[in-house]
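# Topology and contacts: notes
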Amino acid sequence: MTRRKLIAGNWKMNGSLATLAELDGIAAAAKARPDIDVAVAVPFTLITPAATRVPSLSIGAQDVHAADSGAHTGCVSAAMVREAGARFTIVGHSERRADQHETSQDAWAKATAAHRHGLNVILCCGETEAERDAGRAERVVQAQIEKSVPENATGDWLTLAYEPRWAIGTGRTPTLDDIAAIHAIARAKLRALIGDAAAQVRILYGGSVTGDNAAAILSTADVDGALVGGASLTAAKFVPIIEAA
Ligand code: PEP
């Protein structure tokens, strides 16, 4: 089963109209790699200017609300980000789980809403350092997948991202064997949930991916790409990861 690699950036709460210029170099690198997919999730306020500036690049949101509209001050729906020009959204990111106390059930509802509105979804999972130290990483990831993956998911719209929380923004990464082990477990769990469709679902690794470690991580078994935070903010740091895929 061949799955196209996906290199996805997550700008988090960074960026401005001025820094959208970084997307020009990223889009050029993406054009030079027609064999892979490249995407960047920007803050809500930058979706339309980013999608307008680099129409060839897949621009996405970092979150959506599960409801289509209503009394949810400060929130943004899947329909809204779609209308703004997003082609995908991240859901269940560990920073939202930590900062906004989001659960895997919330991630399920958001993924379902996003799909209903025609967005592709990058659904995040991953254990904390304490959970890994306690030998519970595999069970935690399995439980997150079980609760958050919509039953109608297919690889046409769903991508899973394994992001150990302790590796995000820390410069630390699991061993390649540990990454391969979790990805294998994640794929087996997907198969148990959605059957043969699991074979098409991409599983990204995320957590301190850089130009230096990308080639090794991206050639690890069952790693179908990367979700990249800090190193996606500039073309100088993100393009080497695209080139390494
Ligand atoms: C992320 O936030 O999804 C991420 C992987 O961040 P970083 O690459 O900075 O560790």
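Structure shown above.
What comes next concerns the included structure. (Residues numbered from 1 in each chain as written. Predicted model: local features only at pLDDT ≥ 70, side-chain atom pairs only at ≥ 80, totals over all residues. Heavy atoms only, no water.)

### Looking at the nonpolar core
Keep this limit in mind: To form a nonpolar core, buried Ala, Val, Leu, Ile, Met, Phe, Trp, Tyr and Cys residues must be joined to one another through side-chain atoms within 4.5 Å. Classification of residues uses two cut-offs on accessible area relative to the type maximum, computed with a 1.4 Å probe and protein chains only: under 20% is buried, over 50% is exposed, and between them is partly exposed. We call two residues in contact when some of their heavy atoms are within 4.5 Å.
Grouped together as the largest cluster of nonpolar side chains are 66 residues, with contacts concentrated most on Leu23, Leu57 and Ile59. Residues contacting Leu23, with those up to four places away along its chain left out, are Trp11, Val40, Ala50, Val54, Leu57 and Ile59.

### Describing the state of the cysteines
What counts is decided by this rule: We call a pair of cysteine sulfur atoms a disulfide when they lie within 2.5 Å.
Under the counting rule described, the total for this entry stands at zero disulfides. Cys75 takes part in no disulfide bond, and the closest cysteine sulfur to it belongs to Cys124, at a distance of 18 Å. Note on Cys125: no disulfide assigned, nearest cysteine sulfur contributed by Cys124 at a separation of 7.6 Å. Residue classification places Cys125 among the buried residues on the basis of a relative accessible area of 5%.

### Some remarks on the site of the ligand
To keep things clear, this is the line we draw: The rule for a residue being near a molecule or strand is that one of its heavy atoms must lie within 4 Å of it. Polar contacts here mean pairs of N or O atoms no more than 3.5 Å apart (in protein, one a potential hydrogen donor and the other a potential acceptor; neighbouring residues in sequence count only if both atoms are side-chain atoms). Note that accessible areas follow from Shrake-Rupley with a 1.4 Å probe, and for residues the cover is restricted to the protein chains shown. Residues are grouped as follows: Ala, Val, Leu, Ile, Met, Phe, Trp, Tyr, Cys and Pro are nonpolar; Asp, Glu, Lys and Arg are charged; every other residue, Gly included, is polar.
Around the ligand sit 14 residues in total, of which Lys12, Glu163, Gly169, Ser208 and Gly229 are the nearest. His93 is positioned with one of its side-chain polar atoms (N or O) 2.8 Å from an oxygen atom of the ligand. A distance of 2.6 Å separates an oxygen atom of the ligand from a polar atom in the backbone of Gly169. Protein coverage of the free-state accessible area of the ligand, which is 290 Å², stands at 95%. Its residues assigned to classes, the shell around the ligand comprises four nonpolar, eight polar and two charged.

### Some thoughts on helix 1 (residues 22-31)
Note the threshold: Helix and strand labels come from DSSP, where a helix needs a run of H or I of at least four residues and a strand needs a run of E of at least two; each type is numbered from the N terminus. To be clear, the arc concerns the directions from the helix axis to the C-beta atoms.
The complete set of buried residues in helix 1 reads Leu23, Ile26, Ala27, Ala29 and Ala30. Buried residues of helix 1, seen end-on, are gathered within an arc of 160 degrees and therefore sit on one face of the element. Buried residues along helix 1 sit in contact with strand 2 (37-41), helix 2 (47-53), strand 3 (58-61) and helix 10 (235-244).

### Quick look at the pairing of strand 1 (residues 6-10)
The cut-off we apply is this: In this scheme, strands are said to pair when DSSP sees at least two bridges between them. Place the viewer so that the strands point away; then a crossover is right-handed whenever the path from the first strand over the helix to the second strand goes clockwise.
The element strand 1 is largely enclosed, with a buried count of five among its five residues. In strand 1, alternate side chains face the same way, and those of Leu6, Ala8 and Asn10 on one face and Ile7 and Gly9 on the other are all buried. Pairing between strand 1 and strand 2: five bridges, direction parallel. In the sheet register, Asn10 faces strand 2, and the bridge partner there is Ala41. Between strand 1 and its parallel partner strand 2, the chain crosses via helix 1, and the hand of that crossover is right-handed.

### Focus on the side chain of Ser148
Note on placement: Ser148 falls in helix 7 (residues 137-148). Here Ser148 falls in the buried class, since its relative accessible area comes to 1%. Here the side chain of Ser148 touches Gln144 through a polar contact of 2.6 Å, landing on its backbone oxygen. Beyond its immediate sequence surroundings of up to four residues, Ser148 is in contact with Ser104, Ala107, Trp108 and Leu123.

### Describing the environment of Glu151
Mapped onto the elements, Glu151 comes out in the loop between helix 7 and strand 6 (158-162). For Glu151, a relative accessible area of 58% corresponds to the exposed category. Residues Glu151 and Gly195 lie 44 residues apart in sequence; the distance between their C-alpha atoms is 9.8 Å. Here Glu151 is in contact with Trp108 and Ile194, once residues within four sequence places are set aside.

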